[in-house]
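Chain and residue survey
Listed below, chain by chain, are the residues.
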Amino acid sequence: MVISAVSFSSAQSIAQLPLPRITQVEEGDINILLDGFVDEPAWQSIPVIDGMKITDPDTLEDAPYRTDIRFFYTERGMYFSMVNHQPADSLIARMTDRDASPLLPVNDGIGVVIDASGDGRYGYGVRLGLGDSMTDMSLLPERQLNLQWDGAWDGRTQIIDEGWSAEIFVPWSMMPLPQAGNTRRIGLAFIRNVMERGELWGTPALPRTENVFLSGFQKYELSEIEPRRQLTIYPFISTDFDGVSHEAENKIGTDLYWRPTTNTLLSGTLNPDFGTVESDDVVVNLTAFETFFPEKRTFFLEGQDVFNTSPRSIAQNVRGPGGPITLLNTRRIGGASRYSVPDGIGVRPTDLSQPTDLLGAVKFTGQNGNLRYGTLIASEDDSEIRGTLSDGTRVNLQATGSDYTVGRLLYEDTGSGGRRSIGWMGTNVSHPDIDSTVNAIDAHYFSADQRWIVDGQFMHSDVNGETGTGFLGDISYIPRRGVQHILTSTYIDDEFDMNDLGFISRNSQMNLDYNLVLTESNIPGLTSRMTMLTSVNKYNTEGDSVLSGQFVGRTWNYLNNDSFDVTLTYFPKRVDDRLGRGTGTFRIPERFGVRSNYSTDPAKKVAWTLNLEASQEDLGPKKITSGLGIVWRPDDRFSFDLALNYTDQEALLVHQGNGNYTSFEAHQWAPKLQSNFFISAKQQFRISMQWNSLKAFEDRFWQVNPGRLKHLSPVANPDNEPDDFVISRLTFQARYRWEIAPLSDLFIVYTRGSNLPSNSFSTFQDLFEQSWNDSIVDSFAIKLRYRFGS
């Protein structure tokens, strides 16, 4: 069976033909041991499909090696087997993290993506790497991926004479299924990557250089499948010892997931433990804009896709700085408490940033015909921390928790080709000091000829009686494969505010950005070449340019799987209206820059990356950033990944208050280390460390003119006290993880972190040693969670 993307007229003709049916087998008749060997009798009567074509680079040529794919279903779920023909000396088997990105694979792998809706509205993907490493994701049209989602599926791989093989089981309970009669349909797509060739294959052939993906899957019919009501209980027990305060905390709680029907999910969490077994990136942020951190908590990730109202609400879809624009940033729920610390009371910074305990949270999502819906309710507990008076007396500080409510409706129509949808979403945050409500209407269009994708969203906020409005608009147009035009527009007024529960980097913005992406394949000496032209035009509501730039970039992918890219940048004159925190706006001169990157073949045991960026600071002087990354994988169980980044700045601009600025000569080291050893594919020991250290020495002094828009004016040193400062932040984590069963894990985690005082001037070597020795976080945690249910 050979399947590829087709034109609208061809698709109409195909749609009139009977859909192929998937073989149904009684659960008691299969007797399959999920070990990766495709040798059970049940497989022998199942028809084989292949049809793999090369999709990256997008030549759409027939794959050089066969892929024998079989699948059938039972009342419990779907079984898949793949025999991947490949020369033995080209196999690359490596164990990786559970959530390693399938977009940047380091091992041979094969996956299946399931359009559970049957008409391109939502899907779920699973991937097995050779060596049994598992990756999964949820999916919205057409390629909006959520790589944080985890599903309760299982699979194994084996090396065989033909190459390698895989077996996968995907339970129906892992995904919602629309209510249907005796017959329902689903869509399937299979994706295989071959590291030695640096290629991605697929059937159907759906390259990234086309708009269509989820709605282009091969459709199949199933009958007599109505999974029973499913109840999953997800209890945990944890203990956490704080080596700084010498206190221990023990918790017991559970998450509950109940599917009363195939298309609804009621979930709740009781006495939840949101203590981290992961660590966020260490970031030095001296700007006026908040840094976005992704959600990592299982409860909030499950069933979350219905609450995405725009492609820009998913962080990994956003190009460039600023982060996503989303009404629901669940990291706000259970975030740091809203403490008010009176003068004269000292409090540990780590206490102020501690997450807030939740009394509980409930989420309900479902579907009725073309209508999808969801609601989320969460309530925080009140918090208390200790403070110290100047005489050493200890006092208690209290903070009241917040209540959160979210509602979502989405109507989708795919009946006459393409896709059209319109939705509403509302959020509310209730706190004694805050009453914040945000409402949004979103609309989406995917043309029947698969060339146009249009997304729009209107937003309104009301925070303590102050109202604001906003609009997002995105257009993607692909007239032919390899040519993509992307237009994004934004309007956010000065009063719009959704950051009590959502995320937006700034209000007061009017943006119109354009991207042209040209992808070429079959070029002599190259596997592919990509050219990008980008125009960024961001203004505040007063009409002043706050971030504009023109970018020209090209990437060359070579036959040996090395790659090289270079980008030229030009930033026209603009203004800065945020760094001074309301003390005045000033002009920024035009600036130029160039950045480049060279990466070697990731399939090799030793791979390296070298990058260099030369640009100009806001005041004009140069800024040089260089980086070197080395990955060593001597075998399939061990990896060592080290990245070193160094930045040299001649005029780092920092606001000192009241419109006064200092520019610094600054030097910054930002190494990042991660090393993994896999006892087996299910047992991993990982060491990770990230250090970010900056030393800044005062150079010149500046003053803004609040009454006139002009460049900063140089002034004399206002005092004899040096403004020199140091930032040195370190996070270290040693973690053992044993995946006992699907979504059932034992974690043993040691975490250490520091944030040195700003006057800790030493050599970088001494700063690193001091960061390790002077910890403000020193914790040891054990957590066991186990999934009971279907």
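Starting afresh in each chain, residues are numbered from 1 along the sequence in its written order. Per-residue local features of the predicted model are confined to residues with pLDDT of at least 70, and side-chain atom pairs are confined, for both listing and counting, to 80 or more; whole-chain, interface and lining totals are unaffected and use all residues. Hydrogens are left out, water is left out, and the side-chain values use all remaining heavy atoms of the structure.

Okay, the overall build of the chain next. Only DSSP runs of H or I with at least four residues qualify as helices, and only runs of E with at least two residues qualify as strands; both kinds are numbered from the N terminus onward. Each helix and strand counted, the chain has six helices and 46 strands in total. Its C-alpha atoms give the chain a radius of gyration of 27 Å, within 12% of the compact-globule value 28 Å for 790 residues. Across its three principal directions, the C-alpha atoms of the chain cover 85 × 60 × 55 Å. Contact between two residues is taken to exist if any of their heavy atoms lie within 4.5 Å; hydrogens are not considered. Long-range pairs, those at least 24 residues apart, make up 62% of the contacts in the chain between residues at least 6 apart in sequence. Accessible surface area values rest on a Shrake-Rupley calculation with a 1.4 Å probe, where residue burial reflects the displayed protein chains alone. For the chain, the computed accessible surface area is about 34,700 Å², with 54% contributed by carbon and sulfur atoms. For the chain, the distance from the average site of its 70 positive side-chain charges to the average site of its 101 negative ones is 4 Å. Atoms counted for the radius of gyration: C-alpha only. Globule rule: 2.2 Å times the number of residues to the power 0.38. Only four residue types enter the tally: Lys and Arg on the positive side, Asp and Glu on the negative side, with His and both chain ends excluded. The location of each charge is read from NZ of Lys, CZ of Arg, CG of Asp or CD of Glu.

With that out of the way, let us pick up the side chain of S421. Along the chain, S421 turns up in strand β23 (residues 419–431). Only protein chains enter the accessibility calculation, which uses a 1.4 Å probe. A residue is then buried if its area is under 20% of the maximum for its type, exposed if over 50%, and partly exposed in between. Judged by its relative accessible area of 11%, S421 falls in the buried class. Filtering out sequence-adjacent residues up to four positions away, S421 remains in contact with L410, Y411, E412, D442, A443 and H444.

Only when DSSP finds a minimum of two bridges between them are two strands counted as paired. Strands sit in the order β1-β3-β4-β10-β9 across an open sheet of five strands; the sheet is mixed. Of all strands in the sheet, those with a lone pairing partner are β1 (23–24) and β9 (154–160), marking the two edges. Two elements, β9 and strand β10 (residues 163–171), share seven bridges in a ladder whose sense is antiparallel. Across the sheet, the residue bridging to G155 is I168, located in β10.

Every second residue of strand β24 (residues 434–446) is oriented toward a common face, the buried set being I434, S436, V438, A440, D442, H444 and F446 and the non-buried set D435, T437, N439, I441, A443 and Y445. Note that β23 and β24 share 13 bridges and pair antiparallel. From the neighbouring strand, T427 faces β24, where its bridge partner is V438. Hairpin connection, β23 to β24: the antiparallel pair is bridged by two residues. Sheet topology note: the β24/strand β25 (residues 452–463) ladder contains eleven bridges and is antiparallel. Its bridge partner being in β25, I441 is matched across the sheet by F458. The antiparallel pairing of β24 with β25 creates a hairpin that spans five residues between the two strands, and Q450 there sits at a positive phi of about 70°.

Together, E26, D29, E75 and E224 make up a negatively charged patch on the protein surface. Relative to the assigned elements, E26 resides in the loop between β1 and α2 (27–30). Looking at E26, the relative accessible area reads 52%, which means it is exposed. Here a patch means residues that are over 30% exposed by relative accessible area and free of salt bridges, tied together within 9 Å if like-charged and within 5 Å if nonpolar (Val, Leu, Ile, Met, Phe, Trp, Tyr). The salt bridge criterion pairs a side-chain nitrogen of Lys or Arg with a carboxyl oxygen of Asp or Glu, the two atoms within 4 Å.

Scored from 0 to 100, pLDDT records how confident the predictor is in each individual residue. Scored by pLDDT, the chain has a mean of 91; 95% of the residues are at 70 or more. Between residues 1–15, whose pLDDT stays under 50, and residues either more than four places distant or in other chains, the model counts 24 contacts.

For soluble globular proteins, nonpolar side chains are generally found buried alongside one another. Judged by nonpolar contacts, the single largest core of 41 residues is most densely connected at I22, F71, M78, F80, V170, L188 and F190. Where this core is concerned, the elements lending two or more residues are β3 (67–73), β4 (77–85), β5 (109–115), β6 (123–129), β7 (133–140), β10, β11 (183–194) and β13 (218–223). The contact partners of I22, leaving out residues within four places of it in the chain, are F71, F72, Y73, M78, I186, L188, Y220, E221 and L222. We call a set of buried Ala, Val, Leu, Ile, Met, Phe, Trp, Tyr and Cys residues a nonpolar core when their side-chain atoms join them within 4.5 Å. The next biggest cluster of nonpolar side chains, apart from the first, holds 30 residues, and it includes L327, I333, A378 and M425.

For the rest of this paragraph, the subject is the pattern of salt bridges. Taken as a whole, this structure holds 32 salt bridges when the rule is applied. Its salt-bridge partner being K53, residue D62 comes within 2.7 Å of it at the nearest N-O pair. Exposure remark for D62: the relative accessible area of 55% places this residue in the exposed category. Looking at K53, the relative accessible area reads 14%, which means it is buried. Residue D150 pairs with R98 through a salt bridge whose shortest N-O separation is 4.0 Å. Here D150 is found in the loop between β8 (144–146) and β9, whereas its partner R98 is found in the loop between β4 and β5, with 52 residues between them in sequence. Exposure class is identical for D150 and R98. Each is buried.

Ordered in space as β32-β33-β41, the three strands form an open sheet in which the pairing is mixed. With one partner strand each, in any of the chains shown, β32 (574–576) and β41 (710–711) form the two edges of the open sheet. Pairing between strand β33 (residues 586–588) and β41: two bridges, direction parallel. Its bridge partner lying in β41, R587 is registered against H711.

The next thing to look at is the packing of aromatic side chains. A pair of Phe, Tyr and Trp rings is counted when the ring centres sit within 6.5 Å of each other, with Trp represented by its six-membered ring. The angle between the planes then sorts it: under 30 degrees is stacked, over 60 is edge-to-face, the rest tilted. Under the criterion given, the structure shown has 32 aromatic pairs. On the basis of an interplanar angle of 85° and a centroid distance of 5.6 Å, the ring pair of F551 and F571 is categorised as edge-to-face. Of this pair, F551 sits in strand β30 (residues 545–558) while F571 sits in strand β31 (residues 563–571), placing them 20 residues apart in sequence. Given a relative accessible area of 16%, F551 falls into the buried group. Seen in terms of ring centroids, F732 and W772 are 5.1 Å apart; in terms of plane orientation they differ by 85°. Their pairing is edge-to-face. In this pair, F732 is assigned in strand β43 (residues 725–741) and W772 in helix α6 (residues 764–773), connecting sequence segments 40 residues apart. Using a relative accessible area of 30% as the deciding quantity, one classes W772 as partly exposed. An aromatic cluster is present here, built from W43, F72, Y79 and F169 joined pairwise through their rings.

Attention now goes to the environment of L756. Among the secondary structure elements, L756 is positioned in the loop between β44 (744–755) and α6. Along the backbone, L756 and L767 are eleven residues apart, and their C-alpha atoms lie at a distance of 8.5 Å.

Inspection of α6 places F764, L767 and S771 among the buried residues, and these make up the whole buried set. For α6, the buried positions fall inside an angular range of 55° around the axis, keeping them on one side. Exposed residues on α6 whose side chains face more than 90 degrees from its buried face are Q765 and N773. The inward-facing, buried residues of α6 contact β38 (660–669), β40 (683–703), β43 and β44. Read the arc as the range of directions from the helix axis to the C-beta atoms.

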